Amino acid sequence: VKIHPKVAEEAARIVSIRRRLHQQPELSFQEHGTAKLIVEELRGARVDVRHPVARTGVVATMQNGDGPCIALRADMDALPITESSNAPYKSQNEGVMHACGHDGHVAMLLGAVRALDALRSEWRGTIKFLFQPAEEGHAGAVSMIEDGALEGAAAAFGAHLWNFQDVGTVGVRAGPVMAAADRVTINVRGRGGHGAAPHQAVDAIMVAGHLLVALQSIVSRSVDPLDSAVISIGELRGGYGYNIIADDVFLRGTARAYREEVRQLLRRRLGEVCEGVGRTFGAKIELEYRDGYPPTVNDAAMTDVVRRAAGRVVGEAVGEPYMSMGGEDMAYYLRRVPGCFFFVGSSPLGASPRIPHHHPSFDFDEAALGIGASVFVNIALDMLRA
Ligand code: NI
């Protein structure tokens, strides 16, 4: 592994920032302390700081003569999870935890700011460093774009520390890398009655049972087996007592796909199955399909840039990323400008099992921070070569 020398000089500082952030995790759109720390850390650099952007976000613009403009992005928020850890930098904010590694994302990007400031003789142009709130389900990226954070940028890059891969590896891939993550809410409306007289009622629980099974036929029977999709119903509520036929059942779940065409197929089939099952049993089934994040799709040319930039850091250990059906609001930037979202392996070597993201004992190998920051630096140097 070849950490960029200017990043290596910042290594201790990057780790210290990460640990301070880890101790003070904040939920989506509440990242006030996080933003304060970012603004303080930016004081030493020659950047133009805008804050607040998108409520709790920060944009630092580094200008260095004439040239193209690119955006580098880090998300800032934590999760409503109680940390289970003995680490000295454990969360001090009860019930909130940096369980996805966004503390590391901020630290890496701040490291890149200082390194690129010191490397001004090697590049020309403008770099917008986007510190974005509310990635975890609240589409902070949309607020950032609405507030003009992306204005002028011709390309955008973002990274995720990735515990599904060993530290020392970087996952890079053209095309879709994260799924569309939509939300499905279903109300099954039957007619209540006595458990002894089902013929006088429409049993919403029985209908929901059929619906639950029929919904699972969508991915297995309607989606091309070579495409990826998932429908998961995570919530089912209804009923009053052992001898009462329920009038109402409520279901909630998620529908996910990598490709927009598959996403539209899921949406259409969900509607048809709800309609059909309802008609079969004389119930009314209401479906609300709410778009979540779109698929995160990497541009081929920008992906090549990242592959080369990462290759200079980890050599042969640049490969295909571990893919998941998770969603990521980086998708919104990549719909506006070409760019690439890449994965920085962060699982400690030999860890078995690997601790997944969003787990109460999530942690990562901090050696990944220097790797991620170095890749960001190399991307900027290549995109903005003097
Ligand atoms: Ni995340």
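Residues numbered from 1 in each chain as written. Predicted model: local features only at pLDDT ≥ 70, side-chain atom pairs only at ≥ 80, totals over all residues. Heavy atoms only, no water.

Novice: Explain the sheet that holds strand S15 (residues 318–319) here, please?
Specialist: Sheet strands line up and pair through hydrogen bonds in the backbone, either parallel or antiparallel. Spatial strand order, S1-S2-S4-S3-S5-S16-S6-S15: eight strands in an open sheet with mixed pairing. Every other strand in the sheet has two partners, leaving strand S1 (48–53) and S15 as the edge strands with one partner each. Across seven bridges, strand S3 (residues 69–75) lies against strand S4 (residues 125–132) in parallel orientation. The partner of Ile-70 across the bridge, within S4, is Ile-127. Of the strands in this sheet, strand S5 (155–166), strand S6 (170–171), S15 and strand S16 (339–347) are in contact with helix H7 (residues 300–314), which crosses S16 at around 30°. (Pairing = 2+ DSSP bridges. Helix = DSSP H or I, 4+ residues; strand = E, 2+ residues; numbered from the N terminus. Contact = heavy atoms within 4.5 Å. Axes fitted to C-alpha atoms, helices over the stretch in contact; angles between N-to-C directions.)

Novice: Just to check I follow, could you spell out the layout of surface pockets for this structure?
Specialist: Empty space among the atoms can be located by rolling a probe the size of a water molecule over them. Of the voids in this model, the largest pocket is the one considered here, and its volume is about 560 Å³. In terms of lining residues, the largest pocket is bounded by 27 residues, among which Glu-136, Arg-256, Tyr-293, Gly-326 and Gly-327 are the most central. Elements that contribute at least two residues to the lining of the largest pocket include exactly S5, strand S8 (180–189), strand S12 (248–257) and strand S13 (284–293). Tallying contributions element by element places S13 first for the lining of the largest pocket, with four residues. Along the lines of polarity and charge, the residues of the lining of the largest pocket split into eight nonpolar, 11 polar and eight charged. What the second largest pocket holds in volume is close to 170 Å³. Contributions of two or more residues to the lining of the second largest pocket are made by S8, strand S10 (229–238), S12 and S13. Of the residues contributing to the lining of the second largest pocket, the split by class is no nonpolar, three polar and five charged. (1 Å grid on protein atoms, 1.4 Å probe; cavity = no way out; pocket = protein on both sides within 12 Å on 5 of 7 lines; lining within 4 Å. Points joined across faces, edges and corners; volume = space filled by probe spheres on them. Nonpolar A, V, L, I, M, F, W, Y, C, P; charged D, E, K, R; others polar.)

Novice: Would you mind going over the packing of helix H1 (residues 5–23) against helix H3 (residues 102–118) with me for this structure?
Specialist: For any two helices packed against each other, the geometry is given by the interaxial angle and the distance between the axes. Orientation of H1 relative to H3, taken along the N-to-C sense of each, is 150°, at an axis distance of 8 Å. Taken as axis vectors, H1 and H3 run roughly antiparallel relative to one another. The two elements H1 and H3 cross, and the hand of that crossing is right-handed. The segment H1 lies against H3, with Lys-6, Val-7, Glu-10, Arg-13, Ile-14, Ile-17, Arg-18, Leu-21 and His-22 engaging Asp-103, Gly-104, Val-106, Ala-107, Met-108, Leu-110, Gly-111, Arg-114, Ala-115 and Ala-118. Residue classes in the contact of H1 with H3 are distributed as 10 nonpolar, three polar and six charged. (Parallel < 35°, antiparallel > 145°, perpendicular 65-115°, else oblique. Left-handed = near helix turned anticlockwise from the far one by under 90°.)

Novice: Sorry if this is basic, but what is going on with the pattern of salt bridges here?
Specialist: Where side chains of opposite charge bring their charged atoms close, a pairing between them can arise. Per the counting criterion, the structure on display carries 32 salt bridges. A salt bridge links Lys-36 to Glu-40; the shortest N-O distance between them is 3.7 Å. Taken together, the residues span about one helical turn, with Lys-36 and Glu-40 both in helix H2 (residues 32–42) at a distance of four residues. Classification of Lys-36 by relative accessible area gives exposed; the value is 55%. When its relative accessible area of 39% is taken as the criterion, Glu-40 is described as partly exposed. Here Arg-267 and Asp-291 are joined by a salt bridge, their closest N and O atoms 2.6 Å apart. Residue Arg-267 is located in helix H6 (residues 260–281), and its partner Asp-291 is located in strand S13; the two are separated by 24 residues in the primary sequence. Taken together, the salt bridges that share partners define one network made up of Arg-18, Arg-19, Asp-103, Asp-363 and Glu-366. (Salt bridge = Lys/Arg side-chain N within 4 Å of Asp/Glu carboxyl O. Buried < 20%, exposed > 50% of the residue type's maximum accessible area, 1.4 Å probe, protein only.)

Novice: Would you mind going over the packing of aromatic side chains with me for this structure?
Specialist: A complete count under the given rule lists seven aromatic pairs for this structure. Pairing Phe-342 with Phe-376 gives two aromatic rings, centres 5.6 Å apart and planes at 65°, and the pair type is edge-to-face. On the criterion of sequence distance, the pair formed by Phe-342 in strand S16 and Phe-376 in helix H9 (residues 367–383) is long-range, its members being 34 residues apart. For the pair Phe-342 and Phe-376, a shared accessibility class is recorded, and that class is buried. Within the aromatic cluster, the residues linked to one another by ring pairs are Trp-162, Phe-164, Tyr-322, Phe-341 and Phe-343. For Arg-18, the ring lying beneath its charged end belongs to Phe-364, and the centroid distance is 4.1 Å. Stacked on the ring of Phe-29, the Lys or Arg Arg-55 has its end atom at 3.9 Å from the ring centre. (Phe/Tyr/Trp six-rings, centres within 6.5 Å; stacked < 30°, edge-to-face > 60°. Lys NZ or Arg CZ within 6 Å of the ring centre and 35° of its normal.)

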